[in-house]
Each structure stands twice: as C-alpha cells, then as structure tokens.
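Understanding the architecture of this molecule
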Amino acid sequence: MAIWLVIVAVMLIIEIFTMGLTTIWFSIGALASAIAAAFGAPLVIQIVLFVVVSLLIMFLVRPFAMRVVNKERMKTNIDAVVGEQAVVQETIDNLKEQGKVIFRGVDWMARSIDNSLIPEGELVQIEEVSGVKLVVKRADKSE
C-alpha cells in the first residue's frame, strides 16, 4: 500500500509543476490501487486496477477537463492568425513556389493547402502557419 501512496504523491507533485493534466490520472489510479491494497487485494489485481482506472479516467475525463481548463485561454501571436482572411497580392502557385498575401497590412509568403492555383485579388482563409509562410485556401463566398 505504501508504494501506491508514494506514486500518488509523486504524480501529484509532477502535476503541480507541469499543470498539463497528464499525471493526475495516474495518481487517481494509484489511489484506487492503494485502497485495493488496504483491503488485501493481490498485487496483480492492484496493478490491473492501476492501469485500468488510470486509462479509463484519462480517456473519459481528460477531454472535458481540457475544455474547462482551456476555456479562458486566449489565442496569442501566431495562433490568432489561423482562421483569419487575407487578400492574394501575387498569384499563389505551389509548383512555382510563389505567392503572396497581405494580412493586416503585412506581406506574407503564401502557399495553397490543396495545391490549387489562387489568382491575385482572391480572398483566402489562413489554415496554418508554416515557418514564415501562410498556408491558405480559398475563402467561402458566404463568409
């Protein structure tokens, strides 16, 4: 039982320092195993309980917990660019490795996400940032 309580403590300490919701699930599994050990369960049962409870809690609770924890998270810097729209300044042609868009008054190199040719003047949506290039697609006309 003592080893399980040590694992609980270690996992909680790691979680406190990382705050990444990664080790908390294993501390819960270790706590379940410590309770089983206190009731005299064999070591094999304790280990299986640790693995099953840890994984079950992690897969069932973690997605919800991440949404709650990250609800107030605000996109900053480059994360805020994705989903925004820009105007093509130079025809985007991935084969010729050319293309530029203007976004918030700044020229960016651009590439098409689907390798399509996007002419100058077209409105595009930023899908991702790859180094110093924006990866874009044609913007929906309804937007």
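The following refers to the structure shown. Counting restarts for each chain: residues are numbered from 1 in the order of the written sequence. With pLDDT at 70 or above as the cut-off, local features in this predicted model cover only qualifying residues; side-chain atom pairs require 80 or more to be listed or tallied, and sums for whole chains, interfaces and linings still use all residues. Excluding hydrogens and water, the side-chain figures rest on all heavy atoms present in the structure.

1. Description of the pairing of strand 5 (residues 133-138)
- Should DSSP find at least two bridges between two strands, the strands are taken to pair. Segments assigned H or I by DSSP are reported as helices when at least four residues long, segments assigned E as strands when at least two residues long, and all are numbered from the N terminus. Examined bridge by bridge, strand 3 (residues 106-112) and strand 5 share four bridges and lie parallel to one another. Looking across to strand 5, one finds that Met109 is bridged to Lys133.
- Examined bridge by bridge, strand 4 (residues 123-130) and strand 5 share six bridges and lie antiparallel to one another. By the bridge assignment for strand 5, Ser130 is matched with Lys133.
- Joining the antiparallel neighbours strand 4 and strand 5 is a turn of two residues, in which Gly131 adopts a positive phi near 65 degrees.

2. With respect to the pattern of salt bridges
- Between Lys or Arg on one side and Asp or Glu on the other, a salt bridge is scored when a side-chain nitrogen of the former is within 4 Å of a carboxyl oxygen of the latter. If you walk through the whole model with that rule in mind, you get two salt bridges.
- Arg138 serves as the salt-bridge partner of Glu122, at 3.3 Å between the closest nitrogen and oxygen. Taken together, the residues span a long stretch of sequence, with Glu122 in the loop between strand 3 and strand 4 and Arg138 in strand 5 at a distance of 16 residues.
- Classification of Arg138 as partly exposed rests on a relative accessible area of 35%.
- One salt bridge connects Lys137 with Glu127, and the closest N-O pair in it is separated by 3.9 Å. Here the residue Lys137 occupies a position in strand 5, and Glu127 occupies one in strand 4, the gap between them amounting to 10 residues. Residue burial is assigned from relative accessible area. The probe radius is 1.4 Å, only protein chains are included, and a residue is buried under 20% of its type maximum, exposed over 50%, and partly exposed in between.

3. Some remarks on helix 1 (residues 2-18)
- The span one expects for a helix is its residue count, reduced by one, times 1.5 Å. If you check helix 1, its first and last C-alpha atoms are 24 Å apart, about what 17 residues at 1.5 Å a residue would give, namely 24 Å.
- Once helix 1 ends, the next one or two residues include Met19, with phi positive near 50 degrees.

4. A short note on the environment of Thr23
- Counting through the fold element by element, Thr23 comes out in the loop between helix 1 and helix 2 (24-38).
- Residue Thr23 is classed as buried on the basis of its relative accessible area, which comes to 11%.
- Sequence spacing of Thr23 and Ala41 is 18 residues, and the spatial spacing of their C-alpha atoms is 24 Å.
- The contact criterion used throughout is that any non-hydrogen atoms of two residues lie within 4.5 Å. When sequence neighbours within four positions are dropped, the list of residues in contact with Thr23 reads Met11, Ile14 and Glu15.

5. Considering the sheet that holds strand 2 (residues 98-103)
- Strand order in the closed barrel formed by five strands is 1-2-3-5-4, and the pairing between neighbours is mixed. Ignoring strand direction, the axes of neighbouring strands in this sheet form an average angle of 50 degrees. Inter-axis angles, ranging from 0 to 180 degrees, are taken between N-to-C directions of lines fitted to C-alpha atoms, where helices are fitted over the stretch in contact.

6. Overview of the environment of Leu95
- Note on placement: Leu95 falls in the loop between strand 1 (85-93) and strand 2.
- Considering only alpha carbons, one finds Leu95 and Ser27, 68 residues apart in sequence, at a separation of 52 Å.

7. Focus on the environment of Ala38
- Within the element layout of this structure, Ala38 appears in helix 2.
- Sequence separation between Ala38 and Ala2 is 36 residues; the distance between their C-alpha atoms is 9.5 Å.

8. Concerning helix 2
- Given a rise of 1.5 Å per residue, 15 residues ought to cover 21 Å, and the 21 Å separating the end C-alpha atoms of helix 2 matches this to within 8%.
- Turning to helix 2, its buried residues are Trp25, Ser27, Gly29, Ala30, Ala32, Ser33, Ala34, Ala36 and Ala37.
- Immediately downstream of helix 2, the backbone of Gly40 shows phi near 85 degrees, a positive value.

9. What to know about the side chain of Glu15
- Mapping Glu15 onto the fold places it in helix 1.
- Although buried, Glu15 forms no salt bridge, and the nearest oppositely charged side chain, Arg62, lies 7.8 Å from it.
- Filtering out sequence-adjacent residues up to four positions away, Glu15 remains in contact with Gly20, Leu21, Thr22, Thr23 and Ile24. Neither His nor the chain termini are counted; the positive set is Lys and Arg, and the negative set is Asp and Glu.

The quantities given are spatial measurements derived from coordinates; they are silent on function.
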